[in-house]
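# Commentary on secondary and tertiary structure
Each chain is listed here by its residues.
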Amino acid sequence: MFIATFMKKFFIGLVGLAIGMQMAVAQNAKRPNVVMIVSDDHGSRDLGCYGNTVIQTPNLDALAKEGVRFNNAYCTSASCSASRSVILSGMYNHANGQYGHGHHWHHFAAYEHIFSLPVLLEQLGGYRTARVGKYHVAPEKVYHFDQVFEASGRNTKEMALAVQSFVEEKSDQPFFLYFCPDDPHRDGNYQPGPLGANRFGNRTPNHYAGIKERIYTPQEVLVPEYLPDSKQSREELAEYYQSVARMDQGLGDLFSDLKKHKKWDNTIILYLSDNGIAFAGAKTTQYQPGINLPLIVKNAHGEHAGTSNESLVNWADLTPTVLDMVGVLPQAEEMLKAAYAKEKNNWDCTVNQAFHGQSFEPAMAQDSSFAPEYTFASHTFHEVTMYYPMRTVIGQQYKLIWNIAYGMPYPHAQDLWKSSTFQAALSSEDQMYGPRSIKDYTFRAPFELYDLKNDPMETKNLADDPAYEQQLKQLQKALKDFQQRTNDPWFQMWERQESVNHILDKNNLPK
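## Some points on the overall build of the chain
- Secondary structure summary: the chain contains 17 helices and 16 strands in total.
- Across the 511 residues of the chain, 57% fall into the buried class.

Encoded structure:
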């Protein structure tokens, strides 16, 4: 009798387990696929759909017509590794530990207890995960993908071909593809020289298999106002345009493959850049050209196609947004809050919540429930030799940058420093770099307050203007609250700054 009862319960349990597994598989099969495309150093307005009338990006322009184009989207640190860690973790790098570059001698890496987007999608959504192209984060245990495909990051057609089997695979599981071109990053082997000298990975026409290179002339490029309109600047921009146009071609192959295999309509696609264009005044800074970036999001089934959005969003919002769009955000938040709570005694920087960002999916539908008053940025390192912590708060009109190490000269990334554009400005008689003097660019005030509406080039610092004292104090408070909320170790520098100011005042020294 006991055995019979036991076997009956055991059989019922097996049936229940099987039904549960079948339901989970069925639910996962209905989830949309996700393709996240993260380009390297692509500027904020260097796409046709963002108003550039010269550069040719037909595939990304077409994506914008089927998705939502965000105009106030920001990376949180204009540095490759740090930015990518935020994209994949949903938390600022002052808390995830990836303060700067993760490769070579820099050796920054995220804390091992951090959960990343691919891991969460696999564990909670049953996703197959894969990556191709630039990685640049560490450790692999944290940013783990099931499959890694090899291809030249300078040839997106080759990248699209490499992941073809993954995209086309017939499976009951949805997939997450992390597709990261090296373009339009400057060439690491660049040496100053004439046009065509490898500045942005460009060789000769048709050097890259399958790519029909579009060669731009220096005369036809659009020089942004923050750069000097010089011969050197135009030559470098011409090559930059070439690398952006080259990148766009392979994305067309990826999109065509999704359509050919009937997966386009059930695939979420995000296009963004890790940071701004690789010129001084943009990349590694907290100025608009460094952090205000393209973001295009195509939802599954074409909802909200062809719309533009003015909501303040940043890269810490990306992971929770994707998890929300595929239906596993509540489970992720519950799991991470419990996991991170256990680490409180071991990691002073552990976050107080699952994610620093929030899902902006409601904003795509113009839902007013997503209406943040501010968004924030946090930068500490680029290369290991470039310690210069900055914390930034951005509203719809005013923006405040706190240069925590303002007594130091601003450090330059090696590739930006030796660029022909910056070297020409350094040797110029007027010592101007676009609208800024090289002196002002190198030696920063402790606080920089800008009116983005009336001064979009951020040339007039209002921090010491008594007429803007209220805005300064309001943004300083918002910044302090943000730092406390995200367990920023640099929060303590507010007290130290007051002490430094006291010493300067006592000794009649300039601040």
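## Some words on the nonpolar core
- Ranked by internal contacts, the top residues of the largest apolar core, which has 139 residues, are Leu177, Leu254, Leu295, Trp315 and Phe360.
- By residue number, the principal contributor to this core is helix H8 (residues 231-260), which donates eleven residues.

## Section: the sheet that holds strand E7 (residues 267-273)
- An order of E5-E4-E6-E1-E7-E8-E2-E9 is seen for the eight strands of this open sheet, with the pairing classed as mixed. Looking along the sheet, the strands with just one partner apiece sit at the ends: strand E5 (147-149) and strand E9 (307-309). For this sheet, the mean angle separating the axes of adjacent strands, direction not counted, is 15 degrees.
- Contacts between helix H3 (residues 80-89) and the sheet are confined to strand E1 (33-39), strand E6 (175-180) and E7, with E1 contributing the most and set at about 165 degrees to the helix.
- The strands that helix H5 (residues 117-125) touches are E1, strand E4 (128-133) and E6; relative to E6, the one it contacts most, it runs at about 165 degrees.

## Concerning helix H16 (residues 469-485)
- For H16, with 17 residues, the first-to-last C-alpha span of 24 Å sits near the 24 Å given by 1.5 Å per residue.
- Every buried residue belonging to H16 is among Leu472, Leu475, Gln476, Ala478, Leu479, Phe482 and Gln483, and all of these are buried. Angular distribution of buried residues about the axis of H16 spans 165 degrees; they occupy a single face of the element. Within H16, the exposed residues directed more than 90 degrees away from the buried face are Gln470, Lys473 and Lys477.
- Following H16 by one or two positions, Asn487 has its phi on the positive side, about 55 degrees.

## Let's talk about the pairing of E6
- Of all six residues in E6, six are buried; the element is thus mostly enclosed.
- Residues Phe175, Leu177 and Phe179 of E6 are buried on one face, and the alternating residues Phe176, Tyr178 and Cys180, pointing to the opposite face, are buried as well.
- Sheet analysis places E1 next to E6, joined by four bridges and oriented parallel. The residue of E6 that forms the bridge with Val35 is Leu177.
- Pairing between E4 and E6: six bridges, direction parallel. Bridge pairing in E6 places Ala130 opposite Leu177.

## Overview of the packing of H5 against helix H10 (residues 318-325)
- Contact geometry for H5 and H10: axes closest at 10 Å, N-to-C directions at 20 degrees. One element, H5, and the other, H10, form an angle in the roughly parallel class. Here H5 and H10 pass one another in a crossing that is right-handed. From H5, Leu117, Leu120 and Leu121 reach across to H10, where they touch Thr319, Val322 and Leu323.

## Remarks on the sheet that holds strand E16 (residues 447-451)
- Across the sheet, four strands lie side by side as E11-E12-E13-E16; this open sheet has antiparallel pairing. The open sheet has two edge strands, strand E11 (375-379) and E16, and neither has a second partner. Strand-to-strand, the axes of this sheet are offset by a mean angle of 10 degrees, without reference to chain direction.
- With five bridges connecting them, E11 and strand E12 (residues 390-394) associate as antiparallel partners. What sits directly across from Phe376, in E12, is Val393.

## Let's talk about the side chain of Asn299
- Counting through the fold element by element, Asn299 comes out in the loop between strand E8 (295-298) and E9.
- In this structure, Asn299 is in contact with Thr267, Ile268, Met325, Glu361 and Met364, ignoring residues within four places of it in sequence.

## Quick notes on the packing of aromatic side chains
- Overall, the coordinates contain 29 aromatic pairs when judged by the stated rule.
- Feature note: the residues Tyr388, Tyr410, Trp417, Phe422, Tyr433 and Tyr441 constitute an aromatic cluster, connected by ring pairs.
- Positioned above the aromatic ring of Tyr216, the side-chain terminus of Arg214 is 4.1 Å from the ring centre.

## Focus on the side chain of Ser420
- Among the structural elements, Ser420 can be located in helix H14 (residues 420-426).
- Side chain to side chain, Ser420 and Glu236 meet in a polar contact 3.4 Å long.

## Some details on the pairing of E8
- Every second residue of E8 is oriented toward a common face, with Leu295 and Val297 on one face and Ile296 and Lys298 on the other, all of them buried.
- Strand direction decides the pairing type here: strand E2 (residues 68-70) and E8, joined by three bridges, are antiparallel. By the bridge assignment, Val68 is partnered in E8 with Val297.
- Direction of pairing for E7 relative to E8: antiparallel, over a ladder of four bridges. By the bridge assignment, Leu270 is partnered in E8 with Val297.

Calculation notes
Residues numbered from 1 in each chain as written. Predicted model: local features only at pLDDT ≥ 70, side-chain atom pairs only at ≥ 80, totals over all residues. Heavy atoms only, no water. Helix = DSSP H or I, 4+ residues; strand = E, 2+ residues; numbered from the N terminus. Buried < 20%, exposed > 50% of the residue type's maximum accessible area, 1.4 Å probe, protein only. Core = buried A, V, L, I, M, F, W, Y, C linked by side-chain atoms within 4.5 Å. Pairing = 2+ DSSP bridges. Axes fitted to C-alpha atoms, helices over the stretch in contact; angles between N-to-C directions. Contact = heavy atoms within 4.5 Å. Expected span 1.5 Å × (residues − 1). Arc of directions from axis to C-beta. Parallel < 35°, antiparallel > 145°, perpendicular 65-115°, else oblique. Left-handed = near helix turned anticlockwise from the far one by under 90°. Phe/Tyr/Trp six-rings, centres within 6.5 Å; stacked < 30°, edge-to-face > 60°. Lys NZ or Arg CZ within 6 Å of the ring centre and 35° of its normal. Polar contact = N/O pair within 3.5 Å; in protein donor to acceptor, adjacent residues only side chain to side chain.

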